[in-house]
Every structure is written in structure tokens, then in C-alpha cells.
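Observations on the model geometry
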Amino acid sequence: MAGGGAAVKATAAGRGAVCIVVAGDRGTGKSSLIVTAAADTFPVNVPPLLPPTRLPDDMYPDRVPVTIIDTSSSLENRGKLAEELKRADAVVLTYACDQPATLDRLSTFWLPELRRLEVRVPVIVVGCKLDLRDEQHPLSLEQVMSPIMQQFREIETCIECSALKQIQIPEVFYYSQKAVLHPTAPLFDQEAQTLKPRCVRALKRIFILCDHDRDGALSDAELNDFQVKCFNAPLQPSEIVGVKRVVQEKLPEGVNDRGLTLTGFLFLHALFIEKGRLETTWTVLRKFGYNNEIRLRDDLLPPPIKRAPDQSVELSSEAVDFLRGIFLLFDIDGDGALKPAELEDLFSTAPESPWDEAPYKDAAEKTALGGLSLDGFLSEWALMTLLDPIRSVENLIYVGYAGDPSSAIRITRRRRLERKKQQSERTVFQCFVFGPTKAGKSALLNSFTGRPFSDIYTSTSEERYAVNVVDQPGGTKKTLILREIPEDGVKKLLSNRDSLAACDIAVFLHDSSDEFSWKRATELLLEVASHGEETGNEVPCLLVAAKDDLDPFPTEIQDSTRVSQDMGIEAPIPLSTRLGDFNNVFRRIVSAAEHPHLSIPETEAGRSRKQYHRLINRSLMFVSVGAAVAIVGLAAYRVYAARKNASS
């Protein structure tokens, strides 16, 4: 594996120019450093502040234009300095080798200031005026900088130079440019001296893509194909032998009788980085579509999805079939579930496991051993596709989806159109779960994902999701996503005009033993129904009487019957999560969502509004009919008058 001119071009691709800002205390040699680098000669007279300086394009192998920005450290120019630092691709911090106080200022002012300004770019520390350093008390650069670099990990490298003697001046900006084009931080942990996890995962994916025969090793032919793809030049047989010999000497398990193993492949890249050849690893990563964050570039993903607020995104049948195959491939023990270790292996070629954090963590049903069944696995993908479709496609690619990324997802029909057609074609339904505190919302979500009932109450302050597959009559399967809305989050939700556009059905829970809980649930129902009527985003609604194992409050039956009849929806569905009696509630939720024109509550204001519109339409109809009669009458009179005149 060797880099060359092609590697340089590949790694620099996509970067139009590099902006390097030089900062440091007054008198540390900033301006002299810049002029000497640009003009290749030491200046006799240097102005206090230089204009932006562009280095010759051919000064460095990457041929990426470099512009250097000089700065003033005076108090009156502090605002301008902050602006320049925030626009920088890299920052050069200078100190004077003959002034120890300027070195101390790096850790007491300059580096903390960069953090305060949230400047997150590579930092190169440069000791200027090397020719003036006191040689009676010599200290190596490593001794001087090691404590500072331990404290400030953003420092990419350190170098000493002399503008007067022209010692290591070009190297200062070469390392600065290299830190931008081939940064160390995303790839390598300097302290642990190991590749970073995200880099390992990306290289593992690349290894698998290049292992065409899937035998766990890169043969000589596969290594050569890899070299040609990344560096546009083949490897000679002697070079392949040499590469494998280097690996085998240091890491015997890095090579086997079939070729270079994944362990050996990773070792080679760690070796390149340790030797300062970061451009080799970056060339490989960028050739396979990775950006500086070691994620796939945006141009390899579907463009931003244009859709109406009441349209959602689902996986295509092609993507679902692919996921079924991947599930079987990684279900090593064939027990019908992906254990945590198997799931981690599946996502080991992604930057990280996408389901380790909310809202995906614990959103799907787990087996007794903490694994995911096929339904649970597909449910998690359905949830991710609904909430973040581009991220879902990105992760599909990481785990091996080779089709057109845009073919992995489909945009559903608009909900308004589905209400008119009185039928939904969706395979994934989102249900908003409303209800007062302690009504049993969380218990409903927990039961949906197979979690046991608990008497211990835990308040839910943030929205959470639960997702599962629901078997419908006739053998069809639909994916249902429950989204719990905390009571104090309803106002914020409804402050957005289109908040209900994403909702296929809403469920309103109340504690059937608590009259106040019932009243609050009906208030929430009224708020949601009114919002839907005002915005045109009416949604089917179901009432659920939770805690049916407790005695109901005295007027529960009469009150619920009255509200159901007044608003034109079904009577509350009783259930008890404690007893495990769910009364087919999840199937009934899906059934109501499949018929979006039914179960839509009607408020008094909505009813009056409809009557008003009907009255207006009827009046317009009468006016239209009257006008038509008048026009016909006038025409008939004109015909009669014309005939009369003709006969006379």
C-alpha cells in the first residue's frame, strides 16, 4: 500500500483553499514569519500588520491555495482577532524562543481563549526566533511542549523556526496545511497511540468491500485492486511481498495463507499514521466517500427530502428485504434474535451504533437475553426512517446496502388525500399518546414493547417512543409507533401549526378510577381536536380507560358515554396493564389509523363552523340557481320579442 501524486490529489479533493490565522503575543515574530514564507527572504522592515498573504499554489505538493492572515494582539483589535480566529481552518500560535514569558502565555491565555471562542480547528504551536534562544540552558522542544500538549489536545504539532536564518519556515505552513487536509485527531489517539474507534470502523467497512470473495483476507489480487482504486497505480509483486513481510514481522496474525487479514490491514494504517503519512489513510477514506468526520459525504446520500408536513417516509420493500437478509446473516446462532454482541457486530462498520441513544434505545421489544427479534429489528429501522430518513439510509449503506440510496425509501401519500379516499396505504403508523400525569401512558408504551408492569411511578419529562409490529386480521403486519407526549409538553407541541400533520392517530389515556384524570384527558382531547379543526389536520382519536383493575369513579360510565356521543367517537377502551388485559388496544389503534376518515372528534366550534360553511354553500347555490333562472327568462323574453317583431 503506497501513496503518490494521485494520493495527494485525492486527499485534497473538495478543499478549495486553506485559511491559516497566525496569532500570538506582540513581538513574537508573526509578521516576519509570514513575509519570509511568502517571499523566501527575511524582511528588513515589517509593517505592524500584514494584509492577507497568499502562498504560491505550487509551494506544497497538494497544490491547495493557502492564505495566511496576520493578526494584532492589541486590546483595541481583540474583536477583529476573534472574528479571524472563528473563520480559520487552522491556527498558528507563536511564541518567541528568547522570551519564556510568551511561551507561558500560550497555556495561560491563547489556548484557553481559543476554547472560549469555540475555535475547533487544528492548532500548530511555533517557536520563532530560534536563532536568539539562550543556548546556555538548552531544552528540547519535547521537554518544553509536552506538558502543554497533554493539557491541550487540540495542538496538532509543534515546531521551532528562524525567519532570519530561514530555518524550517516552509515547514510551518506545510504542517498547518497538512493539519487541515490530513488531520490527525479524527484518526489517531495520540495518548493511547491507537487508531480511534470511528477510524477502525470505517477501515473495517473498506476492508469488507475490498474482500470480494468474503474469505476474511485480502489476496494479492484484491490488494492490487485496492491499490489501483485508491492510488491509481498497481503494486508490483515484490511490493506486495514486502508489505506482507512488514506486517508479519510485527504482527503474525496480520497475514495468513489467504492474504492480509483485517488485523493486518488496520496495523498498516496505524503504522502509516505513526510515521506521519496521514495522507495515505486519508486518501483511502476519501476514495470510499468519507469526510473529515469519518462519515459518508452528503453527495453519497439522498438529497434533502421534499415532502408536505402530512407525508412521512418509510423503507421501501427492497430495503426491507435487504434488512431481512442482513438479520439472518448476523444471527450467528440461528436463534431468531440478534443478541447485543451480534447487533454490535452488524453495526461495526458504521461510525457508531445508531440505537445506543434516545429515542432509539429501548424503543423496541427485547428478548429475555436483551436481543432483538426480526420484528424488533425492523421496527427500529422503521422508527429511524420516520424520524431521520437520511440517517437511516446512511446506516443502511454502512451495513452493506449496495442499491441506489434513493431506492431505499418511499414517501407516503398525503394524509389529507388518504382521508378523502377513506383508506391508508401506509405500513407504518405514528400514534400520539396524550394523557394527564399518572394516567398510565408510560405503562402503555412499556407493555407495547413487552416490558413487565411496575408499581414504581417514574415521571416522564421528555417525549419517548415505543415501536413494534402489530398483527392484523388476515395475516397482514403493520408497524405502530407510539409517541408519548408529557402533559406539560402539549402546549409546546400545539404551538406549531403543523404539529398534528405527522400524527396518524391520537390516543387519550385517563386513570379510570380518578375523576380529575378523566376531566383532564377530555380537556386534552378538546385541545387537540380544536387544533386539528383549525389547521385542517384532523386526526382519528381513541379514548383509553387505563387501570381498569381499580374501581371506577362514580360517574365514569355516564361521563364517558356523553363525551363519546357529543364528539362522535368510540366509547373508551378499558384496559389494565397491571393484569395484562389490553383489550386488543394496539390492533384497534392500527385499525382506526387505517381508516383515517373515521373516529375524528368534532367539537362544538367545529360543528358550528361546518354548519356555517354549509349555510354559505347553500346560499351560494340558491343565488346561482336564481341567477340561472333569470338568465334563462331573459333569453326566452328576447326570443319572444324577436318573433313578435318579425311577425308584425
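As a reminder, the structure under discussion sits directly above these lines.
The structure reproduced in this document is the subject of the present report. None of these values were measured; they are calculated from a predicted model.

Criteria and cut-off values
- Residues numbered from 1 in each chain as written.
- Predicted model: local features only at pLDDT ≥ 70, side-chain atom pairs only at ≥ 80, totals over all residues.
- Heavy atoms only, no water.
- Helix = DSSP H or I, 4+ residues; strand = E, 2+ residues; numbered from the N terminus.
- Rg over C-alpha atoms; globule rule 2.2 N^0.38 Å.
- Buried < 20%, exposed > 50% of the residue type's maximum accessible area, 1.4 Å probe, protein only.
- Areas by Shrake-Rupley, 256 points an atom, 1.4 Å probe, with all protein chains shown as cover.
- Lys, Arg positive; Asp, Glu negative; His and termini not counted.
- Charge placed at Lys NZ, Arg CZ, Asp CG, Glu CD.
- Axes fitted to C-alpha atoms, helices over the stretch in contact; angles between N-to-C directions.
- Parallel < 35°, antiparallel > 145°, perpendicular 65-115°, else oblique.
- Left-handed = near helix turned anticlockwise from the far one by under 90°.
- Contact = heavy atoms within 4.5 Å.
- Nonpolar A, V, L, I, M, F, W, Y, C, P; charged D, E, K, R; others polar.
- Salt bridge = Lys/Arg side-chain N within 4 Å of Asp/Glu carboxyl O.
- Pairing = 2+ DSSP bridges.
- Core = buried A, V, L, I, M, F, W, Y, C linked by side-chain atoms within 4.5 Å.
- Phe/Tyr/Trp six-rings, centres within 6.5 Å; stacked < 30°, edge-to-face > 60°.
- Polar contact = N/O pair within 3.5 Å; in protein donor to acceptor, adjacent residues only side chain to side chain.

With that settled, the discussion passes to the overall build of the chain. Scanning the chain from terminus to terminus reveals 22 helices and 21 strands. Computed over its C-alpha atoms, the radius of gyration of the chain comes to 35 Å, more than 25% above the 26 Å expected for a compact globule of 648 residues. Burial status across the chain gives 48% buried among its 648 residues. For the chain, the exposed surface amounts to about 31,800 Å²; the carbon and sulfur share of it is 53%. Side chains of the chain give 77 positive and 89 negative charges; the mean places of these two sets differ by 7 Å.

Look at helix H7 (residues 197-210) against helix H10 (residues 262-274): their axes get within 10 Å of each other, and the N-to-C directions meet at 125°. Between H7 and H10, the angle falls in the class oblique. Like other packed secondary-structure pairs, H7 and H10 cross with a definite hand, here right-handed. In contact with Val200, Leu203, Lys204, Ile206 and Phe207 of H7, H10 contributes Leu262, Phe265, Leu266 and His269. Of the residues in the contact of H7 with H10, the class split is 7 nonpolar, 1 polar and 1 charged.

Side chains that differ in charge, positive against negative, can pair when their charged atoms come close. This structure, assessed with the given rule, holds 40 salt bridges. Between Asp471 and Lys477 there is a salt bridge, with the nearest N and O atoms lying 2.9 Å from each other. Exposure remark for Asp471: the relative accessible area of 41% places this residue in the partly exposed category. For Glu570, the salt bridge identified is with Arg588, shortest N-O distance 3.8 Å. Of this pair, Glu570 sits in the loop between helix H20 (556-567) and strand S21 (573-574) while Arg588 is found in helix H21 (residues 585-594), placing the two residues 18 residues apart along the sequence. On the accessibility criterion, Arg588 (32% relative accessible area) is partly exposed. Sharing partners across several salt bridges, the network here consists of Arg198, Arg295, Glu352 and Glu394.

Once that is clear, we can look at the environment of Pro47. Along the chain, the position of Pro47 falls in the loop between helix H2 (30-39) and strand S2 (53-54). Under the relative-accessibility criterion, Pro47 is labelled partly exposed at 39%. Taking the C-alpha atoms as reference points, Pro47 and Ser31, 16 residues apart in sequence, are found 7.7 Å from one another.

Turning our eyes to something else, we now look at the sheet that holds strand S19 (residues 505-511). Spatially, 6 strands are ordered S17-S18-S16-S19-S20-S21 in an open sheet, and the strand pairing comes out mixed. Both outer strands of the open sheet, strand S17 (464-471) and S21, are each paired with one neighbouring strand and no more. Two strands pair when backbone bridges link them, and strand S16 (residues 428-434) and strand S18 (residues 477-484) are joined in this way by 6 bridges, in the parallel orientation. In the strand pairing of S18, Val428 is matched with Thr479.

When two helices pack together, their arrangement is given by the angle between the helix axes and by the axis-to-axis distance. At a minimum axis distance of 12 Å, the contact between helix H19 (residues 515-535) and H20 shows a crossing angle of 5°. Viewed along their axes, H19 and H20 adopt a mutual orientation that is roughly parallel. Along the contact surface, H19 presents Glu515, Trp518, Thr522, Leu525, Leu526 and Ala529, while H20 presents Asp559, Ser560, Val563 and Met567. Per-class residue counts for the contact of H19 with H20 are 6 nonpolar, 2 polar and 2 charged.

Core analysis: the largest hydrophobic core is formed by 72 residues, its most contacted members being Leu187, Ile206, Trp355, Phe377, Trp381 and Leu396. Per element, the largest residue contribution to this core is 7 residues, and it comes from helix H14 (residues 374-387). Excluding its chain neighbours within four sequence positions, the residues that come into contact with Phe377 are Leu323, Phe327, Leu338, Leu343, Leu346, Trp355 and Leu372. In terms of nonpolar packing, the next biggest core, distinct from the first, is built from 29 residues, Leu93, Leu130, Met145 and Phe152 among them.

Below, the discussion takes up the environment of Ala39. Relative to the elements of secondary structure, Ala39 occurs in helix H2. Classification of Ala39 by relative accessible area gives partly exposed; the value is 46%. It is 9.6 Å that separates the C-alpha atoms of Ala39 and Pro56, two residues lying 17 residues apart in sequence.

Our focus in this paragraph is H2. Among the 10 residues that make up H2, 7 are buried, leaving the element largely enclosed by the rest of the structure. Inspection of H2 places Lys30, Ser31, Ser32, Leu33, Ile34, Thr36 and Ala37 among the buried residues, and these make up the whole buried set. The secondary structure elements touched by the buried residues of H2 are strand S1 (18-24), S2, strand S3 (66-70), strand S4 (90-96), strand S5 (123-128) and helix H6 (169-181).

Applying the stated criterion across every chain yields a total of 16 aromatic pairs. Between Phe226 and Phe265, the aromatic rings sit 5.5 Å apart at their centres with planes inclined by 75°, giving edge-to-face as the arrangement. Pair noted here: Phe226 is in helix H8 (residues 220-231) and Phe265 is in helix H10, with a separation of 39 residues, a long-range link. Per residue, the accessibility class of Phe226 equals that of Phe265, and both read buried. Ring geometry for Phe434 against Phe508: centres 5.1 Å apart, planes inclined by 10°, an arrangement best described as stacked. Residue Phe434 is found in strand S16, and its partner Phe508 is found in strand S19; the two are separated by 74 residues along the sequence.

In this structure, Glu84 sits in helix H3 (residues 78-87). Judged by its relative accessible area of 13%, Glu84 is buried. Apart from residues no more than four positions distant in its own chain, Glu84 is found in contact with Val21, Ile69 and Thr71.

With 7 of 7 residues buried, S16 is to be regarded as a mostly interior element. Of the two faces of S16, the one lined by Val428, Gln430, Phe432 and Phe434 and the one lined by Phe429, Cys431 and Val433 are each fully buried. Sheet analysis places S16 next to S19, joined by 4 bridges and oriented parallel. Paired with Phe434 across the bridge in S19 is Phe508.

Before going further, it helps to examine the sheet that holds S2. Read from one edge of the open sheet, 6 strands run S2-S3-S1-S4-S5-S6, paired in mixed fashion. Of all the strands in the sheet, just S2 and strand S6 (155-160) have a single pairing partner and so form its edges. Across 5 bridges, S1 lies against S4 in parallel orientation. Across the sheet, Ala23 pairs through a bridge with Leu93, a residue of S4. Its contacts with the sheet put H6 on S1, S3, S4, S5 and S6, and the angle it makes with S1 is roughly 125°.

With that settled, the discussion passes to the side chain of Thr522. Summarising the element assignment, Thr522 is placed in helix H19. With a relative accessible area of 17%, Thr522 lands in the buried category. Here the side chain of Thr522 touches Lys519 through a polar contact of 2.6 Å, landing on its backbone oxygen.

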